[in-house]
Amino acid sequence: MRVLIFLICMSLTSISLAQTNTNEKKSFIVGMTNEKIEIDGDLSETVWSTLSPAKDFIQYFPSDSLPAQAQTEIYMCTDKNNLYIGIKCYSKGSNWIVNSLRRDYRAGGADNITLLFDTFDDGTNALYFGVNPEGVRREGVISNGGNTFQDFSTSWDNKWRGEAKKYDGYYTAELEIPFSTLRYPTPSKKWGFSCYRFDSQTNEISTYSQTPRNQVVFTLAYPADMLWEEELTTKSSAVSLIPFVSSGFNKDFEDATPADEFFEAGGDVKIALTPGLNLDLTVNPDFSQVEVDEQITNLDRFEIFFPERRQFFLENADLFGQFGFSNINPFFSRRIGVGEDVRTEDLVQNRIYGGLRISGKIDADTRIGLLNMQTASSDEQGIPSINFGVAVAQRKLWTRSNIGIITVNKQAFDYEDLDTLDINRYNRMVGVDFNYATSDNTWFGKTFAHGTFSPNTSMAIAQGSTLNYNTREFGALWKHEYVDEDYNAEVGFVPRTDYFRINPVTELRYYPQNEFLNNYVYRAEADIFWRPGFGKTDHIFSVGLGGELTQRSTFQFDINHNYVYLFDPFDPTGTDSLELDAEQDFSYVSFTGQYRSDRRKVFSWSLSPYIGEYFNGWRYGTRGSFNIRYQPRGSFSLNYAVNYFDLPHLDGSRETFLISPRIDYTFSKSFFTSLFVQYNSQDDNTNINARIQWRFAPVSDLILVYTDNFLTGEVDPLDRFAFDVRTRSVVLKITYWLNL
């Protein structure tokens, strides 16, 4: 315990919170209007010519100190019910790049502009809205100050309108954002505002406020002031009903059971309790995944993380799900609605009756969250009824730091009469996180301490800290983790326990800005694990060179030294081959690389090879992708991973293959289709997922999903291969968003 206290204190005292942002803040005024604005992308209304725009954008790429070549003007006004935004984006031509007409597009490699609104002006959280030259929209949230790419999420959806028009040398856009979709204090005099734009023709990324290249482009550390001509007093209260109906069938051909037909109805209710606090209710939620998980080649000894895709859990996911680290996460919502079948010991879906979530701000500096979900029992599968409860509170400190507290409770009911697999009557977790960042983001990081409780088990601790130093020429990271052997966060994601880890990283950064090379980085990293009472169990030492070419290609080359001690037998090929014996160690050297071509091109590709020693032998392989864009309707992509293993303990070599072609085609901004095929030799499985989505009204969809799983592998010594259907399902789901 003394060691943990020392580590926490070291993390807290290693940072100077007195650092200030020396950039002069920009500002602009949000005007008033009584004029009716037609959202058609044409800035023909009189009010646009009377407003002073946010302008004079600065380059972020290829430089961060020059005026943008492709300038942008942004105008804003309000009629007390809506925020109206007019945008004019100049360029040197009219050859705009648009990947598809699907909403929530990816920004890189295409033309678009994104606006960030820090409505509480706290430098910590923001909503963003984006549009491209075809009028395709996206929206989402920024959390924890936007310090890293993990702080950017597309999970938030709401009702708003936007259109765009293309002209010779520029495009314009109009947005209408109802105040009922936003959360902000009343009265409001000032919001924080940031904006960034990708322009493919000048090969430029630009920002409204000057943002250093060593920061991520969506950081909230360099905001402008968005001033209201008249105080904003409109209440953001609203009630939304989101009913759904779903129907379909599932058929298991391997078990030769009758098709399981289903019909479900339920829905969500969203109620704005205050301008900053929201209540979400769900009854008989339909948590069927209409987005399939992307498979990976698993060569790891520990559980693999797959992200949450169910809509109810995605909103405000940063408030509930960003405690700890990604690999020491005390609350992982994907655990809810999953139980273990005592007959097969497989994880199966567990029906959810309903639940509620209260989340948001109760004042300018305090966020709270309360989540409660109730699942059903299953006598046949030996699954008890379980209640999941989560409570969080987060308080802003200083300029851009905060402290948060989280408690998680998993409580089983009526389990005494079930034939369960060693289930705990309850599992509880309590923890505290401190996220820190200076005003200019030169220093940022976090430290946390969590404890778990279960019957007949005393409190077990997990603790971790990071400290980042980030300047234009130099970057450094210190990270350490400790997880007790008995730490058991049953509603979290913690794939490994009983270890102490350190992970320091250093970078030297250079910006030659010549015609070929824009920037490059020398990087050194160590990742070392120890087991208490045993000693070192794993390490990876890496040194490498990476960078970005002027034409937006990126590269990375690393030399790695690995050390692994096996406590349990392990198959390093992931092919159900002969395992390596436990209680022996391995030390080996490998070369890894990565290259990604310019995504602005019609054809783009990436490559990540592995060449070198591997456990007691050798491994050769690569993963990568190919992408062909048929603008603006969609793309064809092919992801792949191929590995060849030559290990002395095996009789012959082994190979793994993962091939995933995908076709995305958008007929319009409201009608999307996709076909996704995945062949994975590790599972002898081919998955086919076809999806049709019609957005017949704002945030209202009809979705049809067809899924097939086939056995595709060697079935006998004559090298014959099977292609037999395993499971098949069809799901039709309709959701409708109704504002009252």
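Residues numbered from 1 in each chain as written. Predicted model: local features only at pLDDT ≥ 70, side-chain atom pairs only at ≥ 80, totals over all residues. Heavy atoms only, no water.

Caption draft 1: Inspection of the environment of S247 at higher detail. Relative to the helices and strands, S247 is located in strand β14 (residues 239-252). When the C-alpha positions of S247 and L704 are compared, they lie 9.8 Å apart, and in sequence the two are 457 residues distant. Residues in contact with S247, not counting those within four places in the same chain, are F262, F263, V730, V731 and L732. A polar contact is formed between the side chain of S247 and the backbone oxygen of F262, at a distance of 3.2 Å. (Helix = DSSP H or I, 4+ residues; strand = E, 2+ residues; numbered from the N terminus. Contact = heavy atoms within 4.5 Å. Polar contact = N/O pair within 3.5 Å; in protein donor to acceptor, adjacent residues only side chain to side chain.)

Caption draft 2: Structural detail: a nonpolar patch on the surface. Judged by side-chain polarity, V602, F603, W605, L607, F626, I628, F636, I663, Y665, F667 and L675 come together as a nonpolar surface patch covering roughly 910 Å² of accessible area. Where the nonpolar patch is concerned, the elements lending two or more residues are β33 (603-614), β34 (617-630) and β36 (654-668). With respect to the element layout, F667 can be found in strand β36. (Patch = residues over 30% accessible without salt bridge, like charges linked within 9 Å, V, L, I, M, F, W, Y side chains within 5 Å. Areas by Shrake-Rupley, 256 points an atom, 1.4 Å probe, with all protein chains shown as cover. Salt bridge = Lys/Arg side-chain N within 4 Å of Asp/Glu carboxyl O.)

Caption draft 3: The arrangement of the packing of aromatic side chains in detail. Per the stated rule, a full pass over the model turns up 53 aromatic pairs. Ring geometry for Y520 and Y522: centres 5.8 Å apart, planes at 90 degrees, overall edge-to-face. Joined through ring pairs, the aromatic side chains of F28, F57, F117, F129, W156, W160, F179, Y184, W191, F193, Y208 and W228 make up one cluster. Seen from the ring of Y170, K88 lies directly overhead, with NZ or CZ sitting 4.7 Å from the centre. Stacked on the ring of Y60, the Lys or Arg R213 has its end atom at 5.8 Å from the ring centre. (Phe/Tyr/Trp six-rings, centres within 6.5 Å; stacked < 30°, edge-to-face > 60°. Lys NZ or Arg CZ within 6 Å of the ring centre and 35° of its normal.)

Caption draft 4: Region of the structure containing the state of the cysteines. Taken as a whole and assessed by the stated rule, the structure comprises zero disulfides. We note that C195 lacks a disulfide partner, and the nearest cysteine sulfur, in C89, lies 7.8 Å from it. (Disulfide = S-S within 2.5 Å.)

Caption draft 5: Region of the structure containing the pattern of salt bridges. Applying the stated criterion to the full structure yields 35 salt bridges. For the salt bridge of D122 with K361, the shortest nitrogen-to-oxygen distance reads 2.4 Å. Note that D122 is positioned in the loop between β5 (112-118) and β6 (126-131) and K361 in strand β19 (residues 352-363), a separation of 239 residues in sequence. Given a relative accessible area of 4%, D122 falls into the buried group. A salt bridge links K189 to E231, with the shortest nitrogen-to-oxygen separation between them at 3.5 Å. Of this pair, K189 sits in strand β11 (residues 188-199) while E231 sits in strand β13 (residues 224-232), placing them 42 residues apart in sequence. Because the salt bridges share partners, they merge into one network encompassing K25, D121, K190 and D225. (Buried < 20%, exposed > 50% of the residue type's maximum accessible area, 1.4 Å probe, protein only.)

Caption draft 6: Seen up close, the pairing of β13. Note that strand β1 (residues 27-32) and β13 share four bridges and pair parallel. Along β13, the bridge assignment pairs F28 with M226. Relative to β13, β11 runs antiparallel, the two sharing five bridges. Among the inter-strand pairings, W191 is bridged to a residue of β13, identified as M226. (Pairing = 2+ DSSP bridges.)

Caption draft 7: Molecular detail of unusual backbone geometry. Going from T186 to P187, the amide bond is cis rather than trans, its omega being -5 degrees. A cis amide bond links Q631 with the next residue in sequence, P632, at an omega value of -5 degrees. Structurally, the position occupied by P632 is in the loop between β34 and β35 (634-646). A positive phi angle, near 60 degrees, is found at D104, a position not held by glycine. Within the secondary structure, D104 sits in the loop between β4 (82-90) and β5. According to the relative accessible area criterion, D104 is partly exposed, its value standing at 25%. Positive phi outside glycine occurs at N203, with the angle close to 55 degrees. Inspection of the secondary structure puts N203 in the loop between β11 and β12 (204-207).

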